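Topology and contacts: notes
Each chain, letter by letter, is given below.
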Amino acid sequence: MIEFSLGVGLAALGAGLSMGIAAIGAGIGVGIAGAAGAGVIAEDPKKFGPVLVLQALPQTQGIYGFLGAILIMLGAGILGAAVEVSIPLGLICLGAGITTGLGGITAIGQGITAGACMGAVAKRPESFGQGMVLTVMSETFAVFSLLILILILVGAKVLGG
Amino acid sequence: MFQPVRMNKLQALVLDEEKNLVIKKLHELGAVQISDCRDKLSHPDWGDLLESPTPSPLLRKITTAHMSINKWLDLFQTVAPEPTDSFFRFLFNPSKPKKIPMEEIDGENLLERVESILQKVVHSTQHPSEQLEKVREDISSLQSVQQSILKLEQIEIDLAYIEETAITSVYLGTTLTKNIEIITTELSELTEQTFLLEHTPLSPTESLLIIVCLNQHASSVSNFLRRIGFERIETSGYTGTPGEVLRSIQNRIDELHEEKRQLKDQVVASSDKFKESLLALRELLQIERERADVHGNLALSGPLCMIEGWVPHKVTRKVTQEIESITGGLSVIKVAESHNPDEKIPILFDNPPFFRHFEILTRLYSPPKYNEIDPTILLSITFLFFFAIMVTDVLYGVITLILGILMLRGGGKYSKTIKDFGVILSAGGSATIITGMATGGWFGNLAIDFMGITSLKNLMIIDPMVDVLTFLIFAVIVGIVHLDIGIILGIINNIKNREIKKAFTENLWLILVQILFALFYLKTHVPSGTGTVFIINILIGLIALATLFLLIVGHKGMSFFALTGAVGDTLSYARLMALGLCTAGIALTVNILAKMSAGVPLIGILFLSLILVIGHIFNWVIQIMGAFVHGIRLHYVEFFGRFYSGGGDEFIPFALKREVTELKT
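All figures in this text were calculated on a predicted structure; none of them were measured in a lab.

Reading guide: rules and limits
Residues numbered from 1 in each chain as written. Chains lettered and ligands numbered in written order. Predicted model: local features only at pLDDT ≥ 70, side-chain atom pairs only at ≥ 80, totals over all residues. Heavy atoms only, no water. Phe/Tyr/Trp six-rings, centres within 6.5 Å; stacked < 30°, edge-to-face > 60°. Helix = DSSP H or I, 4+ residues; strand = E, 2+ residues; numbered from the N terminus. Buried < 20%, exposed > 50% of the residue type's maximum accessible area, 1.4 Å probe, protein only. Core = buried A, V, L, I, M, F, W, Y, C linked by side-chain atoms within 4.5 Å. Contact = heavy atoms within 4.5 Å. Salt bridge = Lys/Arg side-chain N within 4 Å of Asp/Glu carboxyl O.

1. Points about the packing of aromatic side chains
Geometry of an aromatic ring pair is reported as the spacing of the ring centres plus the angle between the planes. Residues and elements named next belong to chain B. Inspection of the entire model under this criterion finds 21 aromatic pairs over all chains. Centre to centre, the rings of Tyr-365 and Tyr-644 are 5.9 Å apart; their planes meet at 40°, and the pair counts as tilted. Of this pair, Tyr-365 sits in helix 10 (residues 359–365) while Tyr-644 sits in the loop between helix 21 (604–643) and strand 11 (661–663), and the two are 279 residues apart along the sequence. Tyr-365 gets classed as buried once you look at its relative accessible area, which sits at 8%.

2. A short note on the nonpolar core
Within soluble globular proteins, side chains that are nonpolar generally end up buried alongside one another. Within the largest apolar cluster, 94 residues are counted, with the highest numbers of intra-cluster contacts made by A:Leu153, B:Leu361, B:Leu576, B:Met577 and B:Tyr636. The greatest single-element share of this core, amounting to 13 residues, is contributed by helix 21 of chain B. Setting aside anything within four residues of it in sequence, one finds A:Leu153 in contact with A:Leu71, A:Ile72, A:Cys93, A:Ala96, A:Val158 and A:Leu159. One finds B:Ala65, B:Ile69, B:Leu111 and B:Leu246 within the second-largest nonpolar core, a separate group that totals 46 residues.

3. What to know about the pattern of salt bridges
Scanning the model with the defined rule gives 28 salt bridges over all chains in all. Residue A:Arg124 is joined to A:Glu126 by a salt bridge in which the shortest nitrogen-to-oxygen separation is 3.4 Å. Exposure remark for A:Arg124: the relative accessible area of 42% places this residue in the partly exposed category. Here B:Lys98 and B:Glu276 are joined by a salt bridge, their closest N and O atoms 2.6 Å apart. Within this pair, whereas B:Lys98 is found in the loop between helix 3 (87–92) and strand 3 (100–102), its partner B:Glu276 is found in helix 7 (residues 242–293), the two being separated by 178 residues in sequence. Residue classification places B:Lys98 among the exposed positions, given a relative accessible area of 61%. Judged by relative accessible area, which is 37%, B:Glu276 ranks as partly exposed.

Below you can see the structure in the form of structure tokens.
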């Protein structure tokens, strides 16, 4: 039986929260946008292309959560070569994971915006580009969360150390 | 390439009596977008010279004929619908569209032909179609009565007795069972206890009621029953028990169905005889209508007519020659490029044949403005690259390539959209095969680890599941390069538009930051205390100052957000690695599950096959969709944000479109 330290366990928890919470946010965001999109394509099926692109935008936070989880797993030796992970280091990974996980909740706001922009596109197809710009504004904070995760892991020498 | 087609503004003065010939010729050429001259009527330079256009005298007749044809075609479509291809048939093996050969006929001759055909259609179809409609209504009405009388099935009274007499009124109908007591009480009062009420349950909640009262109480009883929700069943005119009446109604419905079938056959015969002609004539009328409609865009000046529009530079000479030829030289034509920055010049894409199929992706965002860079070529190359990185599996690439080819050879023969996506998928699939080889993806690790074809490792450059950090750094570097291309294009665009300050202060600072990082990196690899280090330090200082200067001048109070925005945009490209990893990760999971299921005795091989097939198809579908959407998103948000605004109006030529007919030669 393989023995895992508590540190590795905490890191795994961090990775799980990073992906899990971000997945909730992204899932809800995509769902909200999709509900609006269904109404648009019921009126005009030709709008499916722009609707699909707008609906996909809140997925970004899920991707960031996934990326965060991978980086934590790499740093903690869950993926790749095994490393010694102390409890404080495990807690650091946990903190990093919670950052991206919670940052992923911004996808809900992004989904609401995407849904509203689908309505704009239904009336004025030429507003698609502007709609995309409005929609991605929420992502800024998810990016900050990802950046903090990277800074935490690099600063604590979990990555690149 | 990289710019829309050069457009010339065309202004032609022709004799009013020849304008129809000119319009017809321009329609056939399909090379001119006709502008609306009416806004010139209020212009100080033109207002005194021009008059409002007169509508085409044929327009009303064309519209009426068009509506009549549509009415008959709608009827024929209801009675004998044209079979349509299923979704998959439409994509991969569509039915060849049928073209009806027609001689060239227009104007009054066309209207006479239409009138003649319509007379024949009316003669053979009007009566049976009216009868058919009546029969349908009769059937519907009888079915409604049938539903009502079905509720009376259990009573054995001759319905002839349930009629008003000189003294009494009869109410037969249904109500909620719980209301019977209330009805009894209320009727007692209303009729001074002079009424008869019998009821029988139809269901746990509904009962059949028959009420008899004196005519003097009929009005108040009727109002009350309406308020209480009593649903009256009309039986007047029917004799016999409900069972007998139902049988006779059913017989009548059967007779009507037979009559309907015969009438329908007559209409179908009419459809077989006239439908093709009507479709062809409708298209010719549509062509005439477009020509008649354009009269409203012209302007008159005495005996002259002014036609204004836009024509691509490369066909301008041909168009002017045709106008001169058709008017026998009696025309004045002016052609010039417009230098008015406020004028909205329509744009026509000008890309090599392969890249034309990617214009759909540029259009999805917004066509470029006239003097803007057309990003289609760059978008197509980098989109395919991103697509390939995110899918990164040889066999998924092969499936995508096959799908693309099937679409090209199938639906792509008749549909431009399917053809475009066929090309995009074929190219994407081909690129994915290359990246798949580089990352060792053959249905994930199926070929290399599970089937033991280790020679494929020789083609590998990187294993994404092992060298995750390297893959991430690669994705970010790709992003930085992509953004730099966008910044450089933005600078070029701004210089072309003479916005010099904007060219250098908007985004150049980001390139300087990268040079700074490069210098810092270089400094760590040069022996300290040397002259080189000194020079590097000077350069770092100068470039840092320049960066700060450009950032503050270009963005002022928003400088911080410009910085964070740039960081965000760069990190956004990490999704290339994330999605590439997802493809490999899910494929690995599918293979592990398949291997585990192979251990089941007897049917293990069946489970293995099912899991592999379903799992990899599922992974292929979601990765293709994800790669497409996220690839295009990186272009629309991060890339286009550096240099592209779009908002152009596409060139829509005044062109003849034949979908159903072809000219008889």
